[in-house]
Number of protein chains: 2
Amino acid sequence: MTLRALVVGAAAGGGLPQWNCNGPNSARFWRGRSESGNGLAAATQSSLAVSADGASWAVLNASPDIRAQIMALPQLQPRDPASFGLRDTPISAVLLTNGDIDHVAGLLTMREKQRYNLFMTAGIAEVLDANPIFEAVDRDLVPRRTVALDAPFELIPGIEATLFAVPGKVPLYMEGETVDTDLVGEQTVGVRLSAGGRTIYYVPGCAAMPDWLADRLRGAELVFFDGTVFHDDEMIREGVGQKTGKRMGHMAMAGPEGSMAAFEGLGVKRKIYVHINNTNPVWRPDSDERRIVGEAGWEVAHDGMEVVL
Amino acid sequence: MTLRALVVGAAAGGGLPQWNCNGPNSARFWRGRSESGNGLAAATQSSLAVSADGASWAVLNASPDIRAQIMALPQLQPRDPASFGLRDTPISAVLLTNGDIDHVAGLLTMREKQRYNLFMTAGIAEVLDANPIFEAVDRDLVPRRTVALDAPFELIPGIEATLFAVPGKVPLYMEGETVDTDLVGEQTVGVRLSAGGRTIYYVPGCAAMPDWLADRLRGAELVFFDGTVFHDDEMIREGVGQKTGKRMGHMAMAGPEGSMAAFEGLGVKRKIYVHINNTNPVWRPDSDERRIVGEAGWEVAHDGMEVVL
């Protein structure tokens, strides 16, 4: 028994390039420029797939790009019709870690009379329940299974998952007048995945690293972690937004409050940034920031990256 | 002044290939087979863009594939940042012809603090309003402009649009116990587009062709029309579903009640099928059905097809 993780989409909401962005990363892909972004690889929105046997997969977060992601990844495509029939998918479960658009909109594609299990906290289920458009995903075929925090459950055969609260906020479209970005509850969760004694942590959104969370991740074999922005004020510096990373519910990579500092001394064996915003300079292989995260022991995910434990 | 139409996505909901489909068209794209589907071109979900000047575009229906569509179509990409700034799109309006997922889910991508006009009937606006997730599209920047049937309005500079009711049904996720597939009202509309004396009709969903609709289209210069299924019972024949085209709100191409028969004698100069389901045999260039629609004077749209009047 192995534990496989496949980066389905490495980018944060919007993807790389983002449809309306002329920032230094996205602009490389537009008119008159190379389709490959002059050496920069395009990236789809945030999702990770895991499998114990390489045959049945769970998708963690259903990104708006899921149709393009499935077309790019043979692991997630329908199998031989002679054995598997006219409707098929190797995706037997979807798990949501928050209700953000980049993590739930793909459910609108995953309809068409297909059975799979859909797992989330009751808090995230409330968000879906409030939107009748998600009724297109037939509840008779795709039951919405709510799971409690810190209670292990079988995600797919061979993989046990446990959800745990991390600091975060409600989805953008649910924000009120004031926003608590250090909310700890069912709205934003991390996932512990284990199979055959191997363990992966997946935390694509995290606004801060309190001691209790650091203690949970200490000594882990592999952590996929929130790499939205390098600098907390990156969107403002680049002139493409007014919000800090913190305001969006994401701790930056750099700085005394950042993830590089937070993981120092935790003894995590392998650390991979995911959910990387299109403004983040680490996308550029030749950037100082990419060198800095590398020197701190971090890898930067890319679409199609596969890790086998 | 010209009137340009660009087929952004030629396929119906699900696209070609569809994520979980092993039908004869979709299966050509999956594992161990050619990425081009062995001669079959992939197609994204239903959308048409129109422009009078080739610079400012209106997108008719926002498909779930819109991010991939923009990456494939330079016409819809951000322009030179030196002139247009760090946030830009040539898309200055979106118009919805119904509330189906394949026509509205792309709005969830078209957020990120971008200004454009969003036009629809009050009936379709009710569907969006009932789903808080669409609040991610900031109403201050993207006002939801409701337009009355049969009342001309300026869609983008140089293009006048008029919405008109066609037989159809409510979106799948709003269906009750019984479904009226010949509903005529604000839930499903066609669009008349005109610029500089040239006119295009766009009718991607239509359940029947009553005389009053035939009279409206008679003698038209160009009609993009609902090409969902060739045979009304195509999904059942292929073993991938239980619904007829009619039950899904779409008249078939073939048969005495079909669109080929309905357009006979109407004197429409150019007829192009759009919103083509992945089960439809006309996708295959060498199929009998493709030959039959060609002999009846119809073209089959493909992604990126551009028509200039």
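What counts and what doesn't
Residues numbered from 1 in each chain as written. Chains lettered and ligands numbered in written order. Predicted model: local features only at pLDDT ≥ 70, side-chain atom pairs only at ≥ 80, totals over all residues. Heavy atoms only, no water. Pairing = 2+ DSSP bridges. Helix = DSSP H or I, 4+ residues; strand = E, 2+ residues; numbered from the N terminus. Axes fitted to C-alpha atoms, helices over the stretch in contact; angles between N-to-C directions. Contact = heavy atoms within 4.5 Å. Buried < 20%, exposed > 50% of the residue type's maximum accessible area, 1.4 Å probe, protein only. Polar contact = N/O pair within 3.5 Å; in protein donor to acceptor, adjacent residues only side chain to side chain. Salt bridge = Lys/Arg side-chain N within 4 Å of Asp/Glu carboxyl O. Nonpolar A, V, L, I, M, F, W, Y, C, P; charged D, E, K, R; others polar. Core = buried A, V, L, I, M, F, W, Y, C linked by side-chain atoms within 4.5 Å. Phe/Tyr/Trp six-rings, centres within 6.5 Å; stacked < 30°, edge-to-face > 60°. Least-squares fit on C-alpha atoms with pLDDT ≥ 70 in both. pLDDT = per-residue confidence, 0-100.

### Re the sheet that holds strand β14 (residues 306-308) of chain A
All names here are of chain A.
Piece 1. Spatially, β6-β5-β4-β3-β2-β1-β14 is the arrangement adopted by the seven strands of the open sheet, whose pairing is mixed. Looking at which strands have only one partner, the edges of the open sheet turn out to be β6 (144-146) and β14. Across the sheet, the mean angle from the axis of one strand to that of its neighbour is 25 degrees, orientation sign disregarded.
Piece 2. Sheet topology places strand β2 (residues 47-51) next to strand β3 (residues 57-60); three bridges connect them, and they run antiparallel. When the sheet's bridge partners are listed, Leu48 is paired in β3 with Leu60.
Piece 3. Together, β5 (117-120) and β6 form the strand contacts of helix α4 (residues 122-129), whose direction differs from that of β5 by roughly 115 degrees.

### As for the side chain of His250 of chain B
Residues and elements named next belong to chain B.
Piece 1. The residue His250 is located in the loop between α6 (234-237) and α7 (259-263) in this model.
Piece 2. Overall, His250 belongs to the buried group, its relative accessible area being 8%.
Piece 3. In this structure the side chain of His250 is engaged in a polar contact, spanning 2.5 Å, whose partner is the side chain of Asp226.
Piece 4. The residues contacting His250, other than those within four sequence positions of it, are Pro204, Gly205, Cys206, Ala207, Asp226, Thr228, Asp232, Gly245 and His275.

### A word on the interface of chain A and chain B
Piece 1. Between chain A and chain B, the contact holds 59 residues from the first and 59 residues from the second.
Piece 2. Applying the counting rule to chain A against chain B returns two salt bridges.
Piece 3. Notably, a salt bridge pairs Asp65 of chain B with Arg67 of chain A, separated by 3.2 Å at the nearest N-O pair.
Piece 4. Remark: the boundary between chain A and chain B carries 26 residue pairs in polar contact (both at pLDDT 80 or more).
Piece 5. Among the elements of the structure, α1 (66-72) and α3 (101-104) of chain A are those that each provide at least two residues to the side of chain A that touches chain B.
Piece 6. In terms of residues, the side of chain A that touches chain B owes the most to one element, α1 of chain A, which gives three residues.
Piece 7. Residue classes in the side of chain A that touches chain B are distributed as 31 nonpolar, 17 polar and 11 charged.

### Comments concerning the nonpolar core
Piece 1. If you look at the biggest cluster of nonpolar residues, it comprises 70 residues, and the most contacted ones within it are Val94 and Leu107 of chain A together with Val94 and Leu107 of chain B.
Piece 2. When near neighbours in sequence (up to four residues on either side) are disregarded, Leu107 of chain B contacts Ala62, Val94, Leu96, Tyr116, Leu118, Leu128, Phe134 and Val137 of chain B.

### Here's the deal with the packing of aromatic side chains
Residues and elements named next belong to chain A.
Piece 1. Tallied over the full model, the rule gives 14 aromatic pairs over all chains.
Piece 2. Geometrically, the ring pair formed by Phe263 and Trp298 is edge-to-face, given 4.9 Å between the ring centres and 80 degrees between the ring planes. On the criterion of sequence distance, the pair formed by Phe263 in helix α7 (residues 259-263) and Trp298 in strand β13 (residues 298-300) is long-range, its members being 35 residues apart.
Piece 3. For Phe263, a relative accessible area of 2% corresponds to the buried category.

### With respect to the sheet that holds β13 of chain A
Residue and element names in this part refer to chain A.
Piece 1. In space, the seven strands of this open sheet follow the order β7-β8-β9-β10-β11-β12-β13, with mixed pairing throughout. Looking at which strands have only one partner, the edges of the open sheet turn out to be β7 (153-156) and β13. With direction set aside, neighbouring strand axes in the sheet form an average angle of 30 degrees.

### Quick word on the pairing of strand β9 (residues 189-195) of chain A
Residue and element names in this part refer to chain A.
Piece 1. Within β9, six of the seven residues are buried, which leaves it mostly tucked inside the rest of the structure.
Piece 2. In the sheet, strand β8 (residues 159-165) pairs with β9 via six bridges, with the strands oriented antiparallel. Its bridge partner being in β9, Leu163 is matched across the sheet by Val191.
Piece 3. The pairing of β9 with strand β10 (residues 198-203) spans five bridges and is antiparallel. When the bridges of β10 are listed, Leu193 appears paired with Ile200.

### Comments concerning the pairing of strand β4 (residues 91-95) of chain B
Residues and elements named next belong to chain B.
Piece 1. Buried residues dominate β4, accounting for four of its five residues.
Piece 2. As defined by bridge partners, strand β3 (residues 57-60) adjoins β4 across four bridges and the pair is classed as parallel. Residue pairing for β4: Leu60 is matched across the bridge by Leu95.
Piece 3. When β4 meets strand β5 (residues 117-120), the two strands line up parallel, connected through three bridges. By the bridge assignment for β5, Leu95 is matched with Phe119.

### Brief notes about the relation of the copies chain A and chain B
Piece 1. Aligned on chain B, chain A shows an RMSD of 0.0 Å; the corresponding rotation is 180 degrees and the shift along the axis is 0.0 Å. Taken together, these values place the two copies in the relation of a two-fold axis. Proximity to the rotation axis, assessed at the C-alpha, singles out Asn131 of chain A in chain A; its C-alpha lies 2.3 Å from the axis.
Piece 2. When you check the interface residues of chain A against chain B, 100% turn up at the interface there too, and the contact is symmetric in its surfaces.

### Section: the confidence of the model for chain A
Piece 1. A residue-level look at chain A finds 98% of positions with pLDDT of 70 or above and a mean pLDDT of 94.
Piece 2. Reported confidence for the predicted complex is 0.95 by ipTM and 0.96 by pTM.

### Brief notes about the pattern of salt bridges
Piece 1. With the rule as written, the count across this model stands at 36 salt bridges over all chains.
Piece 2. Asp233 of chain A is paired through a salt bridge with Arg237 of chain A; the nearest N and O atoms lie 2.9 Å apart.
Piece 3. The class for Asp233 of chain A is partly exposed, based on a relative accessible area of 32%.
Piece 4. Among the ionic pairs, Asp138 of chain B bridges to Lys113 of chain B, the shortest N-O distance being 3.2 Å. Of the two residues, Asp138 of chain B sits in the loop between α4 (122-129) and β6 (144-146) while Lys113 of chain B sits in the loop between α3 (101-104) and β5, which places them 25 residues apart along the sequence.

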